[in-house]
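Structural characterization, general
Listed below are the residues making up each chain.
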Amino acid sequence: MFRTFLDTLGFLTRLAPARVIPEPAMNQCMKYMVPVGLLLGAIIAMPFDLGLFDNAPWIQAWLMVLLSIFITRGLHFDGLSDVCDAVTTHTNPIRFWEVIKDSRSGAFGIIGLIMIILGQVLLFHEMASVEAYGAIVWTFVLGRAASVWLGYHVRHLTRPGLGKLYIDGATLGTALLSAGLAFITGIFLAGFPATVAGTIIVSLMLIPLYRLAVKVGGANGDFLGCAVMVGEVAAGLGFVLVM
């Protein structure tokens with residue numbers, strides 16, 4: 001169990017050594033997405049909760065986003081960029097997947113990154129300004145739970161590759177457990193109203209992503225990365241909405 005957690009941590013972040021993960025273990029990684037999100041969020045928010053730049057919430061917000069990008073190696077940001085490039089360029093399934101596999105980033109991918117990073121900085125600032133660092137931690141939890149929930153719904157659409165090995169582990173039980181853990185964690189870290197609001201917002205935001213997967217006849221790891229970013233922003237929006 002702990003070995004699989006370390007596998008997931010090393011695959012998604014710099015917080016554990018990267019390693020070659022056997023296929024059966026890769027299928028189990030989905031179970032640990034929420035714990036990884038909780039640990040990641042705690043490490044990112046802790047220095048500022050302890051007082052680092054406590055008189056400059058804008059700096060705190062910017063540094064937290066920077067830390068997120070560094071610790072995750074920009075993995076989920078890359079997925080968001082790829083999906084934005086592909087969906088706004090070609091909705092034809094063949095052309096969509098050609099763009100997804102292109103390592104170059106186009107204008108729409110860059111626009112997507114700018115909007116998501118700007119949104120995170122703004123939302124983290126609002127939360128940091130009222131010292132709601134627990135709510136910031138929860139953004140990383142909800143983001144990982146969102147990817148599991150989307151993964152469950154697109155299991156029948158997965159394309160061959162590393163993403164398929166990951167998505168295959170998103171069983172109904174894993175998805176329900178992840179959603180339940182995320183919701184309970186949210187109540188303690190962000191409060192009940194913010195948890196409900198964030199959960200509703202992320203559910204609404206995931207619907208177009210699921211419909212896109214159906215339209216283009218497939219889903220891969222980029223869709224999961226996009227879901228992570230959507231979930232993080234949804235959690236922030238939910239908190240700001242009810243604060």
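Structural notes, computed from the coordinates.

**Some remarks on the packing of aromatic side chains**
For the structure on display, the rule yields nine aromatic pairs. When the ring of tryptophan 97 is compared with that of phenylalanine 223, the centres are 6.1 Å apart and the planes differ by 35°; the resulting orientation is tilted. In this pair, tryptophan 97 sits in helix H6 (residues 93-101) while phenylalanine 223 sits in helix H12 (residues 221-242), placing the two residues 126 residues apart along the sequence. The exposure class assigned to tryptophan 97 is buried, which follows from its relative accessible area of 5%. Look at phenylalanine 223 and you get buried, because its relative accessible area is 1%. By way of ring pairs, the aromatic residues Phe2, Phe5 and Tyr32 are connected into one cluster. The ring centre of phenylalanine 70 lies 4.5 Å from the NZ or CZ of arginine 14, which sits over that ring. The ring of tryptophan 97 has arginine 159 sitting right over it, with the charged end atom 4.2 Å from the ring centre.

**Side note on unusual backbone geometry**
For phenylalanine 53, which is not glycine, the phi torsion reads 55° and is therefore positive. For phenylalanine 53, the location among the structural elements is in the loop between helix H3 (33-49) and helix H4 (57-71). Here phenylalanine 53 falls in the partly exposed class, since its relative accessible area comes to 40%. The backbone of arginine 73 shows a phi angle near 60°, a positive value even though the residue is not glycine. Here arginine 73 lies in the loop between H4 and helix H5 (75-89).

**With respect to the environment of tryptophan 62**
Its location among the elements puts tryptophan 62 in helix H4. On the accessibility criterion, tryptophan 62 (48% relative accessible area) is partly exposed. Linking tryptophan 62 and glutamine 28, residues 34 residues apart in sequence, is a C-alpha distance of 33 Å.

**Concerning H12**
Taking 1.5 Å of rise per residue, the 22 residues of H12 would be expected to cover 32 Å, and the 32 Å separating its terminal C-alpha atoms lies within 8% of that figure. The element H12 is largely enclosed, with a buried count of 17 among its 22 residues. Where H12 begins, one side-chain oxygen reaches toward the backbone nitrogen of aspartate 222, 3.1 Å away; that side chain belongs to asparagine 220.

Parameters at a glance
- Residues numbered from 1 in each chain as written.
- Predicted model: local features only at pLDDT ≥ 70, side-chain atom pairs only at ≥ 80, totals over all residues.
- Heavy atoms only, no water.
- Phe/Tyr/Trp six-rings, centres within 6.5 Å; stacked < 30°, edge-to-face > 60°.
- Helix = DSSP H or I, 4+ residues; strand = E, 2+ residues; numbered from the N terminus.
- Buried < 20%, exposed > 50% of the residue type's maximum accessible area, 1.4 Å probe, protein only.
- Lys NZ or Arg CZ within 6 Å of the ring centre and 35° of its normal.
- Expected span 1.5 Å × (residues − 1).
- Polar contact = N/O pair within 3.5 Å; in protein donor to acceptor, adjacent residues only side chain to side chain.

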